[in-house]
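Spelled out, the chains give:
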Amino acid sequence: MELDEFLFNKSISYLGRYPATKKKLAIHLEKKIKSKRYAYKYKISSEDLGFAIEQVIEKLIDLKILNEKHYLESLFNYYCRSMFSINKMKNKFYVQGFDKNDVDEFITNTIFENPDLEFDILVNFVKKKKLKTEDELTFRKKLFQAGFNNENILRFLKT
């Protein structure tokens, strides 16, 4: 089995089980090819391996098997339901391996469509966690720890 075919099959197998970004998939494929099981079979330089992985990822994108925008949107909806603040979402996206520009553009467009999104998430967060506003310092501290910004916290306290 040639290297390209091997990488493509491993990519399909991985994507069948887990959604992934280009970066995450590349890391997985690199680990797979360097593992003891396959290292002796595919002796290849790091540059050639990087090129082969890029080719496979491009092929997956062309076949519409790998689509980061749909994955980003899906994760965003999940994080909204999980009541994550926008800052916490951004950090999670960066850790997942999404491109910073794609994340910033997506978040900006989403907030443009719904300017009160983070405030709505904050309201739901307070209801779900049953936070009490009597002790304002503790209340603010818990919301700051959850990643909410001061502007939305003050807005909530005024209502």
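What you see is a predicted model, and the numbers here were worked out from it, not measured in a lab. (Residues numbered from 1 in each chain as written. Predicted model: local features only at pLDDT ≥ 70, side-chain atom pairs only at ≥ 80, totals over all residues. Heavy atoms only, no water.)

S.K.: Any chance you could explain the pattern of salt bridges here in plain terms?
M.R.: One side chain can pair with another of opposite charge once the charged atoms of both are near each other. Evaluation of the coordinates by the stated rule reveals four salt bridges. One salt bridge connects K34 with E30, and the closest N-O pair in it is separated by 3.3 Å. In this pair, K34 and E30 are both assigned in helix α2 (residues 22-34), four residues apart and thus about one turn of the helix distant. You can call E30 partly exposed: its relative accessible area is 36%. Two residues, K100 and D104, come together in a salt bridge whose shortest N-O distance is 3.1 Å. Taken together, the residues K100 and D104, both in helix α7 (residues 100-113) and four residues apart, mark about one turn of the helix. Exposure remark for D104: the relative accessible area of 21% places this residue in the partly exposed category. (Salt bridge = Lys/Arg side-chain N within 4 Å of Asp/Glu carboxyl O. Helix = DSSP H or I, 4+ residues; strand = E, 2+ residues; numbered from the N terminus. Buried < 20%, exposed > 50% of the residue type's maximum accessible area, 1.4 Å probe, protein only.)

S.K.: What is the right way to read the packing of helix α5 (residues 68-81) against helix α6 (residues 86-96) from this model?
M.R.: Any two packed helices are characterised by the angle at which their axes cross and by the distance between the axes. Contact pair α5 / α6: the axes reach a minimum separation of 11 Å and the direction vectors enclose 140°. With respect to their mutual orientation, α5 and α6 come out oblique. Two packed elements cross with a definite hand, and for α5 against α6 that hand is right-handed. Seen from α5, the contacting residues are Y71, L72, L75, F76, Y79 and C80; seen from α6, they are M89, K92, F93 and Q96. Of the residues contributing to the contact of α5 with α6, the split by class is eight nonpolar, one polar and one charged. (Axes fitted to C-alpha atoms, helices over the stretch in contact; angles between N-to-C directions. Parallel < 35°, antiparallel > 145°, perpendicular 65-115°, else oblique. Left-handed = near helix turned anticlockwise from the far one by under 90°. Contact = heavy atoms within 4.5 Å. Nonpolar A, V, L, I, M, F, W, Y, C, P; charged D, E, K, R; others polar.)

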